[in-house]
Amino acid sequence: MRKKSFIEGFAAIPHVVWLILFVILPLVFVVYFAFTGPDGSFSFENVANLSRYGHIFVLSICFALISTVICLLIGYPLAYFMSKTKPKTQKMLVILLMLPMWISLLIRTYSLMAILDNGGLLNSLLESLGITRVHIVGTPGAVILGMVYDFLPYMVLPIYTSLSKLDIKYYEAANDLGAGNCKTLFKVAFPLSLPGVISGITMVFVPSISTFYISQKLGGGLFDLIGDTIEREFQNVSTYNIGAAISLVMMILILISVAVMNHFSEGDDNEGGIIV
Amino acid sequence: MDKDTVIVELKNISKGYNGEPVLKNLSLEIHDKEFVTLLGPSGCGKTTTLRMIGGFESPDEGDVYFMGKRINDEPPYRRNVNTVFQRYALFPHLNVFENIAFGLRVKKGKDRPKEKEIVERVEKMLALVNLRGFEKRSISTLSGGQMQRVAIARALVNNPKVLLLDEPLAALDLKLRKDMQKELKNIQRETGITFIYVTHDQEEALSMSDTIVVMANGEIQQIGSSTDIYNEPQNAFVADFIGESNILDGVMLEDYKVQFSNQTFECVDKGFEANEPVDVVVRPEDIDIVPIEKGMLRGKVTLVVFKGVHWEIIVDIDGFKWMIQTTDYCAPDSEIGLYIEPDAIHIMKKSQYSDMFGDYSSYSDEFEELSVSEEETEEENKKEEETDNTEADK
């Protein structure tokens, strides 16, 4: 037994080293920079001055919430539809859904821009059809569209996993008791797939709130979000510490929202929900 | 409605999966207020038949009628039929009360009872299945037997005309199963609802049913009361599947005279052609042991097994191993005589199943299999007890 635990401990070393080097150490740096002034002395100033970024936080949270809700509204029916198709079709649909994820987010955002831009594909098409151009890039809608486009698979996949693992007997039992397909969806399938919904929400909300290039590119630089602000502050050596402080606050924000989400799913487990 | 009304009728039903036929031209009438059991080995099509009545399968050919109306294309939620599923399929996100109330809450518009009535009806059901006080319990804290009761209550609260039960007791241990059998029978009598019950357990079928439908290979082998099925099996399959039986090749010499084991016996059957080959069934409990010189048949005891109420002994007669159940002990290797009353001999026409059932020469193997499955049940019992204990602690 001892020998085995020694081997196990040995096998964990690379992982531990990795964690220390690339997770814990950077975190320590962030905290260190957040609480030091430009001269390297301890200071609360960075954190205390964050209130002037308040509107940025609010705007980012709004954008993230809206795109999460839209992802859920589009993603849930899509996942439900996928889980109801034949096993072969399901596999194909999952691959189709994952396909864009094999391409860098940055490239996807650029290509979306190429389509939506004032001189882009969509507008050329509209023009050739004799319809007036639409102004999309540079509107809040474009930023949200970008977020939804980029993060939708992260909503669909966990919900789909939840639904496809759901035993068909629950659908049959609900049908048997007089619930039509719609009532079965709302009263049985949805509550039983809540764990998937919650991880989907988390997986979309977290990257949405911290994203930076989507709003820069699709928002035409008009909307300053947290991600953009952090990037800008870090590019300037003199505002390193402010960037660190914003990062710290954002991390805490994300931690809180994840904790709230986990609390929901735990509550569901107590009721005998299905764990993803 | 009285007992003679046909409530469910299946007409010339055929069904196949991937070209494999599951049901072959099956026709069946089920009468109102009856306890009907579909009995057969796994893969015989009994569950498919049940699911067809519930609306979860549609026949490739043939029609399903409910109270005279063709319901082939009616979805399950529009049928006045409810199901108790094999593994209960209780909703894990709802407590006991809400599980039972589910069927009432999903009713549309005017049909949906008021909250007060829902509470009343659920309480009535909880009383019926002896689960008063369990309203707020979550499903995951229930034992198998309790889940079973919730499943029954959840189905019955909708006042179905027909209740379908798909091997509902299969997951319970022996003792609980026996109790639930009695309880189910009582519930059926009290409510007067037609029960269509699927099982592979012949004892369960015999003790509960008004009518048993024996199925094999997607076909009905025999329909009749428990005593009909046991005493007058239609073919070798039914004789073998229901209870223990010695099935022998025989020849009907003339009315009331049959020959098997190189002997001629008097019997009570007639209407066969002269010298027609037949299957002969003799139940092990109908054979008397007599001193060897008085025996109609003589043989050597090869195996003796104590079964509690009786002994089961295997006797070798001219190479054919007979099973005999007796309260008289016989020593292994002793020579004994057998005496069979004429009315203990049952003659059946030859069928496709005639040569599929041999004698009891493989009996000891069967016995081992039985003891293995008993061990498994014991393990399940233990689990059951553990859940019960944790409940008591709470």
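Our structure's up above, just so we're on the same page.
Only a predicted model underlies this, so the values are computations on that prediction, with no experimental measurement involved.

Caption draft 1: Representation of the overall build of chain B. When helices and strands are tallied, chain B shows nine helices and 20 strands. Principal-axis analysis of the C-alpha atoms places the extent of chain B at approximately 80 × 50 × 40 Å. Burial analysis of chain B (394 residues in total) assigns 51% to the buried set. The contacts in chain B between residues at least 6 apart in sequence include a share of 67% that link residues at least 24 apart. Accessible area of chain B: about 18,800 Å², with a carbon and sulfur share of 46%. On chain B, the mean spot of the 46 positive side-chain charges and the mean spot of the 73 negative ones are 11 Å from each other.

Caption draft 2: Summary view of the packing of helix α9 (residues 181-192) of chain A against helix α10 (residues 194-210) of chain A. Residue and element names in this part refer to chain A. Contact pair α9 / α10: the axes reach a minimum separation of 4 Å and the direction vectors enclose 60°. Compared by their axis directions, α9 and α10 come out oblique. Listed contacts from α10 to F190, P191 and L192 of α9 are L194, P195 and V197.

Caption draft 3: Region of interest: the interface of chain B and chain A. Tallying the contact residues gives 24 residues for chain B and 20 residues for chain A. With both chains or domains summed, chain B and chain A bury close to 2,000 Å², and 61% of this area falls on carbon and sulfur atoms. Summed over the three residues of chain B that lose the most area to chain A, namely B:Y77, B:P92 and B:H93, the buried surface amounts to 32% of that side. If you look at where chain B meets chain A, you find one salt bridge. With a shortest N-O distance of 2.6 Å, A:E172 and B:R51 are connected by a salt bridge. The tally of links from chain B across to chain A stands at six residue pairs in polar contact (both at pLDDT 80 or more). Of all the secondary structure elements, the ones that give two or more residues to the side of chain B that touches chain A are β6 (81-84), α2 (96-105) and α4 (144-156) of chain B. Residues of the side of chain B that touches chain A, tallied by class, amount to twelve nonpolar, six polar and six charged.

Caption draft 4: Representation of the packing of helix α8 (residues 168-176) of chain A against α9(A) in the model. Residues and elements named next belong to chain A. Relative to each other, α8 and α9 sit at 140°, their axes nearing to 10 Å. In terms of axis orientation, α8 runs oblique to α9. Relative to α9, the crossing made by α8 is right-handed. Residues Y170, Y171, A174 and N175 of α8 touch α9, and the partners they reach there are N181, T184, V188, A189 and L192. For the contact of α8 with α9, a count of residues per class yields six nonpolar, three polar and no charged.

Caption draft 5: Geometry of the pattern of salt bridges. Tallying each qualifying case throughout the model produces 21 salt bridges over all chains. For B:R51, the salt bridge is made with B:E57, and the minimal N-O distance between the two is 3.1 Å. You can call B:E57 buried: its relative accessible area is 16%. For the salt bridge of B:K185 with B:D210, the shortest nitrogen-to-oxygen distance reads 3.4 Å. Note that B:K185 is positioned in helix α5 (residues 174-191) and B:D210 in the loop between α6 (202-208) and β9 (211-216), a separation of 25 residues in sequence. Exposure remark for B:K185: the relative accessible area of 11% places this residue in the buried category. Salt bridges sharing partners connect three or more residues here, namely A:E172, B:K15, B:R51, B:E57 and B:D60.

Caption draft 6: Spotlight on the sheet that holds strand β2 (residues 20-31) of chain B. Residues and elements named next belong to chain B. Strand order in this open sheet of four strands is β2-β1-β4-β5, and the pairing throughout is antiparallel. Strand pairing shows two members of the sheet lacking a second neighbour, β2 and β5 (69-70), which therefore form its edges. Examined bridge by bridge, strand β1 (residues 6-17) and strand β4 (residues 61-66) share five bridges and lie antiparallel to one another. Paired with L10 across the two strands is V64, which belongs to β4.

Caption draft 7: View of unusual backbone geometry. One non-glycine residue, B:N18, lies in positive phi territory at about 50°. Mapping B:N18 onto the fold places it in the loop between β1 and β2.

Caption draft 8: Looking closely at the sheet that holds β9(B). Residue and element names in this part refer to chain B. Across the sheet, six strands lie side by side as β6-β7-β8-β3-β9-β10; this open sheet has mixed pairing. One side of each edge strand has no neighbouring strand; the edge strands of this open sheet are β6 and β10 (219-224). The mean inter-strand angle of the sheet, taken between neighbouring strand axes irrespective of direction, is 20°. Of the strand pairs in this sheet, β6 and strand β7 (residues 162-166) are connected by four bridges, and their pairing is parallel. Along β7, the bridge assignment pairs T83 with L164. α4 rests against β6 and β7 of the sheet, and its axis sits at about 175° to β6.

Calculation rules
- Residues numbered from 1 in each chain as written.
- Chains lettered and ligands numbered in written order.
- Predicted model: local features only at pLDDT ≥ 70, side-chain atom pairs only at ≥ 80, totals over all residues.
- Heavy atoms only, no water.
- Helix = DSSP H or I, 4+ residues; strand = E, 2+ residues; numbered from the N terminus.
- Buried < 20%, exposed > 50% of the residue type's maximum accessible area, 1.4 Å probe, protein only.
- Contact = heavy atoms within 4.5 Å.
- Areas by Shrake-Rupley, 256 points an atom, 1.4 Å probe, with all protein chains shown as cover.
- Lys, Arg positive; Asp, Glu negative; His and termini not counted.
- Charge placed at Lys NZ, Arg CZ, Asp CG, Glu CD.
- Axes fitted to C-alpha atoms, helices over the stretch in contact; angles between N-to-C directions.
- Parallel < 35°, antiparallel > 145°, perpendicular 65-115°, else oblique.
- Buried area = accessible area lost by both parts, 1.4 Å probe.
- Salt bridge = Lys/Arg side-chain N within 4 Å of Asp/Glu carboxyl O.
- Polar contact = N/O pair within 3.5 Å; in protein donor to acceptor, adjacent residues only side chain to side chain.
- Nonpolar A, V, L, I, M, F, W, Y, C, P; charged D, E, K, R; others polar.
- Left-handed = near helix turned anticlockwise from the far one by under 90°.
- Pairing = 2+ DSSP bridges.

Just distances and angles here, no functional claims.
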